[in-house]
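Okay, here's what each chain looks like letter by letter:
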Amino acid sequence: TYYIYVTGFGAANGAFSFVVNCTGTPVVAAATLVDDCLAGNYTIDVDITDLGGAGSADITYSLNGGSPVTVPGVSTGVTALGPFQTLDAVDVSVSNGALGCGVDLGEFGSNCPIELVCGTTTTVNYCYKNNDGKTWTFNSPTAGETVTLSFVSGTIDELGDVVRIYDGVDNTGTLLVSSTVNS
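Presented here is a report on the structure given in the accompanying data block. (Residues numbered from 1 in each chain as written. Predicted model: local features only at pLDDT ≥ 70, side-chain atom pairs only at ≥ 80, totals over all residues. Heavy atoms only, no water.)

A few points about the overall build of the protein
Under the convention used in this document: Runs of H or I in DSSP of at least four residues are treated as helices and runs of E of at least two as strands, each being numbered from the N terminus. The cut-offs for exposure are 20% and 50% of the maximum accessible area for each residue type, with area from a 1.4 Å probe on protein chains only; residues under the lower value are buried, those over the upper are exposed, and the others partly exposed. Contacts: residue pairs with any heavy atoms within 4.5 Å of one another. Surface accessibility follows the Shrake-Rupley procedure with a 1.4 Å probe radius. Residue values consider only the protein chains on display as shielding.
Across its full length, the protein holds 0 helices and 11 strands. Listed N to C, the secondary structure of the protein is β-β-β-β-β-β-β-β-β-β-β in terms of helices and strands. In the protein, which comprises 183 residues, the share counted as buried stands at 19%. Look at the contacts in the protein between residues 6 or more apart in sequence, and 52% of them connect residues 24 or more apart. A total of about 13,000 Å² of accessible surface is found on the protein, and carbon and sulfur atoms cover 52% of it.

Brief notes about the nonpolar core
Grouped burial of nonpolar side chains is what soluble globular proteins tend to show. Rules: As used here, the term nonpolar core means buried Ala, Val, Leu, Ile, Met, Phe, Trp, Tyr and Cys residues forming a set that is joined through side-chain atoms within 4.5 Å.
Ranked by internal contacts, the top residues of the largest apolar core, which has 18 residues, are Ile44, Val46, Ile48, Ile59, Leu81, Val92 and Val94. Those elements that provide at least two residues to this core are β2 (41-50), β3 (57-63), β5 (77-85), β6 (89-95) and β7 (103-109). A total of 4 residues in this core trace back to one element, the largest contributor, which is β2. Setting aside residues no more than four positions away along its own chain, Val46 makes contact with Ala30, Ala31, Ile59, Gly77, Val78, Thr79, Leu81, Val92, Val94 and Leu105.

Some words on the sheet that holds β3
Filter applied, for reference: We treat two strands as partners when DSSP finds at least two bridges between them. Axes here mean lines fitted to C-alpha atoms, for a helix over just the part in contact, with angles spanning 0 to 180 degrees between N-to-C directions.
Here 4 strands make up an open sheet; going across it, the order is β4-β3-β6-β7 and the pairing antiparallel. Bordering the open sheet on either side are β4 (69-74) and β7, each of which pairs with just one other strand. Neighbouring strand axes in the sheet, compared pairwise and without regard to direction, differ in orientation by 15° on average.

What about the packing of aromatic side chains?
What counts here: Each aromatic pair joins two rings of Phe, Tyr and Trp (for Trp, the six-membered one) with centres within 6.5 Å, and gets the label stacked for planes under 30 degrees apart, edge-to-face for over 60, and tilted for any other angle.
Inspection of every chain in the model, using the stated rule, returns 2 aromatic pairs. Geometrically, the ring pair formed by Tyr42 and Phe84 is tilted, given 5.6 Å between the ring centres and 45° between the ring planes. Of the two residues, Tyr42 is situated in strand β2 and Phe84 in strand β5; the sequence distance between them amounts to 42 residues. Judged by its relative accessible area of 5%, Phe84 falls in the buried class. In this structure an aromatic cluster arises from ring pairing among Tyr42, Tyr61 and Phe84.

What about the side chain of Thr86?
This is how the line gets drawn: Polar contact is defined as a pair of N or O atoms within 3.5 Å, subject to the rule that within protein one atom must be able to donate a hydrogen and the other to accept it, and that residues adjacent in sequence are counted only when both atoms are side-chain atoms.
Here Thr86 lies in the loop between β5 and β6. Overall, the relative accessible area of 18% leaves Thr86 in the buried class. Polar contacts involving the side chain of Thr86 include one to the main-chain carbonyl oxygen of Gly40, which spans 2.8 Å.

Digging into the environment of Ser95
Within the secondary structure, Ser95 sits in strand β6. When its relative accessible area of 29% is taken as the criterion, Ser95 is described as partly exposed. Here the alpha-carbon distance between Ser95 and Asp58, two residues 37 residues apart in the chain, equals 5.4 Å. A distance of 3.1 Å separates a polar atom in the side chain of Ser95 from the backbone nitrogen of Gly97.

Description of the environment of Ala29
By the element assignment, Ala29 lies in strand β1 (residues 28-36). For Ala29, a relative accessible area of 16% gives the class buried. Separated by 74 residues in the primary sequence, Ala29 and Val103 place their C-alpha atoms 7.3 Å from one another. Ignoring sequence-local partners within four residues, the contact set of Ala29 consists of Asp47, Ile48, Val94, Val103 and Leu105.

A look at the pairing of β1
Bridging between β1 and β2 involves 9 bridges; their strand directions are antiparallel. Looking at the pairing, Ala30 lines up with Asp47 of β2. Turn length for the β1-β2 hairpin, with the two strands adjacent in sequence and antiparallel, is 4 residues, and the turn residue Gly40 shows positive phi of about 75°.

Notes on unusual backbone geometry
Residue Pro83 follows Gly82 across a cis peptide bond; omega there is 10°. Secondary-structure assignment places Pro83 in strand β5. Of note in this structure, Asn64 is not a glycine but carries a positive phi near 55°. When you line up the elements, Asn64 lands in the loop between β3 and β4.

Here it is in structure tokens:
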């Protein structure tokens, strides 16, 4: 236990911050997304290579920003999470129980194309983060069919957020639209 007391910064005042790091050995883990586009889902393989001196680790994930789900008592090796639906966003972290000794493996989402059904609205809810480069690929069932994209909520930052739409499966296709807040 540590007690931190701050005093005597002269006439200056204001907020300050500091970080307290893990004093044990952190868990070492990585995650790999495994798409199953034919089934319309994906799994996440979490590979724990070092428990950081602990007997086991806990894998915690949240689906679409919902309540965390914990897979307790995991040993070294690969643990598969899922399956998750193509449009699901999953945040994954691993902890060995020591405060601050976990690892955030990040947010995962499928790279499978989203098949559009004519006459049906496909809604995508996504919470954009700073420096986020999320992409989606939508397939129309009929070549040359008009597809409409509507933003129903949210904001676009005036200092550099860009939406680009390509005719093709990635950014090597023909650029159809490129817009920013100002255009």
